[in-house]
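# Fold and contact review
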Amino acid sequence: NLYQAGKDADAAAKAYEEALKADPNHVVSAVELGAIELLIRKDAEKGAAVVEQALTEERRPLLGPAELARGLALKGESLTMQFKLKEATAEFEQALKLDPTSLYAKAGLGKVLIAQRQYSEAVPLFKQATEADPPDLVYTDGYLTARIATGKMDDAFKQLESANAR
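Here the structure is a predicted model, which means the values were calculated and not measured. (Residues numbered from 1 in each chain as written. Predicted model: local features only at pLDDT ≥ 70, side-chain atom pairs only at ≥ 80, totals over all residues. Heavy atoms only, no water.)

### Comments concerning the environment of phenylalanine 83
Put simply, the test is: Per the convention used, a helix needs a DSSP run of H or I reaching at least four residues, while a strand needs a run of E reaching at least two, with both numbered from the N terminus. Burial classes follow relative accessibility: with a 1.4 Å probe on protein chains only, a residue under 20% of its type's maximum area counts as buried, one over 50% as exposed, and anything between as partly exposed.
Structurally, the position occupied by phenylalanine 83 is in the loop between α5 (65-81) and α6 (85-98). A relative accessible area of 71% means that phenylalanine 83 is categorised as exposed. For the pair phenylalanine 83 and aspartate 154, spaced 71 residues apart in sequence, the C-alpha to C-alpha distance is 32 Å.

Written out as structure tokens, the structure reads:
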């Protein structure tokens, strides 16, 4: 979606809504509309409803593994926003089974683990995400938080220096 690439969330959302009106089975549009609602507009309720629409049993076969993983990770994000951390963990883990390279799912699971004070388990997820996408400060923040919480101050300091150099 050119509007999404241009950071025009309203126009992108409108385009996805129109695509869904034209073809309710265009589930990729539902996944992306859910992403806009959850990640940009921070509307957990609307985002969850749109993502659930894409993840119904009859529509799941219309998604490829990466799109299905993204949908599941977005569902995990919605559950995290609702403080349903156990359910969110399951969604992120399922997303990572489908797409083990998904940085978004790794960071989402890492955030949930940090919220549950499972810092050691969050470290490798954020480390992989930070190494794969060094400019992303969300990944760097998660990695630093997990490293500091586990008492690995030297590692955290090195990562901070690296992030500061970027």
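### With respect to the side chain of glutamate 37
Put simply, the rule is: Whether two residues are in contact is decided by their heavy atoms: any pair within 4.5 Å suffices.
Position of glutamate 37 relative to the elements: it lies in helix α3 (residues 27-40). Among all residues touching glutamate 37, those that are not within four sequence positions of it are Lys42, Asp43, Lys46 and Gly47.

### Some points on unusual backbone geometry
Despite not being glycine, phenylalanine 83 shows a phi value in the positive range, around 65°. A positive phi angle, close to 60°, is found at arginine 117, a residue other than glycine. Residue placement: arginine 117 occurs in the loop between α7 (103-115) and α8 (119-132).

### Quick look at the pattern of salt bridges
Cut-off, in case you're wondering: By convention in these notes, a salt bridge is any Lys or Arg side-chain nitrogen within 4 Å of a carboxyl oxygen on Asp or Glu.
What the rule picks out here adds up to 10 salt bridges. As a salt-bridge pair, glutamate 37 and arginine 41 come within 2.7 Å of each other at their nearest N and O atoms. Measuring nitrogen to oxygen at the nearest pair gives 3.3 Å for the salt bridge that ties glutamate 77 to lysine 111. Of the two residues, glutamate 77 is situated in helix α5 and lysine 111 in helix α7; the sequence distance between them amounts to 34 residues. Residue class for glutamate 77 comes out buried when judged on its relative accessible area of 8%. Taken together, the shared-partner salt bridges connect Asp10, Glu17, Glu37, Arg41 and Lys46 into one network.

### Comments concerning the confidence of the model for the protein
To be explicit about the condition: The predictor's confidence in any single residue is recorded as pLDDT, a number from 0 to 100.
Per-residue confidence for the protein gives a mean pLDDT of 91, with 95% of residues at or over 70. When the elements of the protein are averaged for pLDDT, helix α1 (residues 2-5) gives the smallest value, 52, and α6 the largest, 98.

### Notes on α7
Where we set the bar: In this scheme, a helix's expected span is set at 1.5 Å multiplied by one less than its residue total.
The end-to-end C-alpha distance of α7 is 18 Å, a good match for the 18 Å that 13 residues give at a rise of 1.5 Å each. When α7 is considered as a whole, its buried residues turn out to be Ala105, Lys106, Ala107, Gly108, Leu109, Gly110, Val112, Leu113 and Ile114.

### Some details on helix α2 (residues 9-22)
Compared with an ideal rise of 1.5 Å per residue, which puts 14 residues at 20 Å, α2 spans 20 Å between its outermost C-alpha atoms and is within 8% of the ideal. Those residues of α2 that sit buried are Ala9, Ala11, Ala12, Ala13, Tyr16 and Leu20.

### Section: the packing of α5 against α7
We count it as follows: Each axis is a line fitted through C-alpha atoms, taken for helices only over the stretch in contact, and angles between the N-to-C directions span 0 to 180 degrees. An angle below 35 degrees is treated as roughly parallel, one above 145 as roughly antiparallel, one from 65 to 115 as roughly perpendicular, and anything else as oblique. Helix crossings are classified by the rotation of the near helix relative to the far one: an anticlockwise turn of less than a right angle makes the crossing left-handed, while a clockwise turn makes it right-handed.
Between α5 and α7, the shortest axis-to-axis distance is 10 Å and the interhelical angle comes to 25°. On the basis of their axis angle, the class for α5 and α7 is roughly parallel. Judged by the sense of rotation from one axis to the other, the crossing of α5 with α7 is left-handed. Along the contact surface, α5 presents Ala73, Leu74, Glu77 and Thr80, while α7 presents Tyr104, Ala105, Lys111 and Val112.

### Brief notes about the environment of asparagine 25
Inclusion rule: Counting of polar contacts relies on pairs of N or O atoms within 3.5 Å, with two restrictions inside protein: one atom must be capable of donating a hydrogen and the other of accepting it, and residues adjacent in sequence are counted only when both atoms are side-chain atoms.
Tracing the chain through its elements places asparagine 25 in the loop between α2 and α3. On the basis of relative accessible area, asparagine 25 is assigned to the partly exposed category, the value being 41%. Along the chain, asparagine 25 and leucine 63 lie 38 residues apart, while their C-alpha atoms are 9.9 Å from each other. Once residues within four sequence positions are removed from consideration, asparagine 25 is found in contact with Arg59 and Leu62. A polar contact is formed between the side chain of asparagine 25 and the side chain of arginine 59, at a distance of 3.1 Å.

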